[in-house]
Amino acid sequence: MRQSTIERKTAETDIRLRLNLDGTGASNIDTGCGFLNHMLTLLAKHGMFDLDVTCTGDTDVDYHHTTEDIAIVLGDALCEALGDHRGICRYGHIILPMDEALILCAVDLGGRSCLGYELHIPTEKVGDFDTELTEEFMASLARAGKMNLHLQQLAGRNSHHIIEGAFKALARSLRMAAAIDPSCPDSIPSTKGVLA
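Quick notes on the rules
Residues numbered from 1 in each chain as written. Predicted model: local features only at pLDDT ≥ 70, side-chain atom pairs only at ≥ 80, totals over all residues. Heavy atoms only, no water. Helix = DSSP H or I, 4+ residues; strand = E, 2+ residues; numbered from the N terminus. Contact = heavy atoms within 4.5 Å. Areas by Shrake-Rupley, 256 points an atom, 1.4 Å probe, with all protein chains shown as cover. Lys, Arg positive; Asp, Glu negative; His and termini not counted. Charge placed at Lys NZ, Arg CZ, Asp CG, Glu CD. Pairing = 2+ DSSP bridges. Axes fitted to C-alpha atoms, helices over the stretch in contact; angles between N-to-C directions. Expected span 1.5 Å × (residues − 1). Buried < 20%, exposed > 50% of the residue type's maximum accessible area, 1.4 Å probe, protein only. 1 Å grid on protein atoms, 1.4 Å probe; cavity = no way out; pocket = protein on both sides within 12 Å on 5 of 7 lines; lining within 4 Å. Points joined across faces, edges and corners; volume = space filled by probe spheres on them. Left-handed = near helix turned anticlockwise from the far one by under 90°. Nonpolar A, V, L, I, M, F, W, Y, C, P; charged D, E, K, R; others polar.

Enquirer: Would you mind showing me how to read the overall build of the protein chain here?
Expert: The helix and strand tally for the protein chain stands at four helices and ten strands. The secondary structure elements of the protein chain, listed N-terminal to C-terminal, are β-β-β-α-β-α-β-β-β-β-β-α-β-α. Principal axes of the C-alpha set define a box for the protein chain whose edges measure 45 × 40 × 30 Å. Summarising the internal contacts of the protein chain: among those between residues at least 6 apart in sequence, 76% fall at separations of at least 24. Accessible surface for the protein chain amounts to roughly 8800 Å². Of this, 50% is attributable to carbon and sulfur atoms. Here the protein chain contributes 17 positively and 28 negatively charged side chains, and the mean placements of these two sets differ by 8 Å.

Enquirer: Whenever I open this one, the pairing of strand β2 (residues 13–20) confuses me. Can you help?
Expert: Each regular strand carries side chains that alternate between the two faces of the sheet. In terms of strand pairing, strand β1 (residues 3–9) meets β2 through seven bridges, oriented antiparallel. Among the inter-strand pairings, R8 is bridged to a residue of β2, identified as I15. Following β1, the chain reverses through three residues before pairing antiparallel with β2. Examined bridge by bridge, β2 and strand β4 (residues 50–57) share eight bridges and lie antiparallel to one another. Note that in β4 the partner of L19 across the bridge is L51.

Enquirer: What am I meant to see in the sheet that holds β4 here?
Expert: Hydrogen bonding along the main chain pairs the strands of a sheet, whether they run parallel or antiparallel. Spatial ordering of the open sheet is given by β1-β2-β4-β3, a layout of four strands whose pairing is mixed. Unpaired on one side and paired on the other, β1 and β3 (27–30) mark the two borders of the sheet. Pairwise comparison of adjacent strand axes, ignoring direction, gives a mean angle of 5° for this sheet. Strands in contact with helix α1 (residues 34–47) are β3 and β4; relative to β3, the strand with the most contacts, it is inclined by about 160°. Contacts from helix α2 (residues 64–82) reach β1, β2 and β4 within the one sheet, and its direction differs from that of β2 by about 35°.

Enquirer: I tried to follow α1 on my own but got confused; where do I start?
Expert: For α1, built from 14 residues, the straight-helix expectation of 20 Å at 1.5 Å per residue is met to within 8% by its first-to-last C-alpha distance of 20 Å. Counting buried positions over the 14 residues of α1 gives ten, a clear majority of the element. Downstream of α1 by a residue or two, M48 has a phi angle that is positive, lying close to 55°.

Enquirer: Any chance you could explain empty space enclosed by the protein here in plain terms?
Expert: Here the idea is plain: a probe the size of a water molecule rolls over the atoms and shows the empty space left. On inspection of all chains with the given rule, the structure shows one cavity of 30 Å³ or more. Along the walls of the largest cavity sit L19, L21, L43, A44, F49, L51, L74, L78, L141 and L174, which together make up its complete lining. Elements that contribute at least two residues to the lining of the largest cavity include exactly α1 and α2.

Enquirer: Please explain the packing of α1 against helix α4 (residues 159–178) as it appears in this structure.
Expert: The relative placement of two packed helices comes down to the angle between their axes together with the axis-to-axis distance. Across the interface, α1 lies against α4 with an axial gap of 8 Å and an inter-helix angle of 35°. Where α1 crosses over α4, the two elements pack in a sense that is right-handed. Contacts between α1 and α4 involve F35, H38, M39, L42, L43, H46 and G47 from the former and H160, I163, E164, F167, K168, L170, A171, R172 and R175 from the latter. Split by residue class, the contact of α1 with α4 holds eight nonpolar, four polar and four charged.

Enquirer: Sorry, what's going on with the sheet that holds strand β6 (residues 101–108) here?
Expert: With mixed pairing, the four strands of this open sheet are ordered in space as β5-β6-β10-β7. Single-partner strands in this sheet number two, and they are β5 (91–98) and β7 (114–118). Averaged over all neighbouring strand pairs, the angle between strand axes comes to 10°, with direction disregarded. Across eight bridges, the pairing between β5 and β6 is antiparallel. The partner of H93 across the bridge, within β6, is A106. Contacts from helix α3 (residues 133–144) reach β7 and β10 (148–155), with the element oriented near 160° to β7. Lying over the sheet, α4 contacts β5, β6 and β10, oriented at roughly 150° with respect to β5.

This is the structure in structure tokens:
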């Protein structure tokens, strides 16, 4: 089973996260931030990952540490669940519509961290969530998850739709990249012979 459970406690956040890559899309999310709960629920559903997250954070300050640290733990859990990356497709991509928003996402689970981020979110907040934290989440996930992640906004005016489209596109791309390739289920998808 490609699963991971990680607990991480700092002076700013206390997080417990469980990830099952071969799940059904079930989730139980409690981050202290309603909008982030919504995005992580979408990530699990569209990625077909089972994801449980509980976080107690310094939300009296803002949601920065909560958002960043959850992404770090999720990236760590993804790496642990993938193990040596044997048999995975490695690459995933999609162009995903979300009402008027259109988001391109491409992922390489090849062990090198890089974020290409071209979302242009028109408002500073969605609810009480600072929209700039979308980039913070993606950057932290790419670093901890040792992935090459590109997000590009091809269209969109509504902040909620743009961010939701980005999370759904990420989920679908990760689902494709983490899937086992039936044509070579015992092979490391790299000429180096190692990805982890």
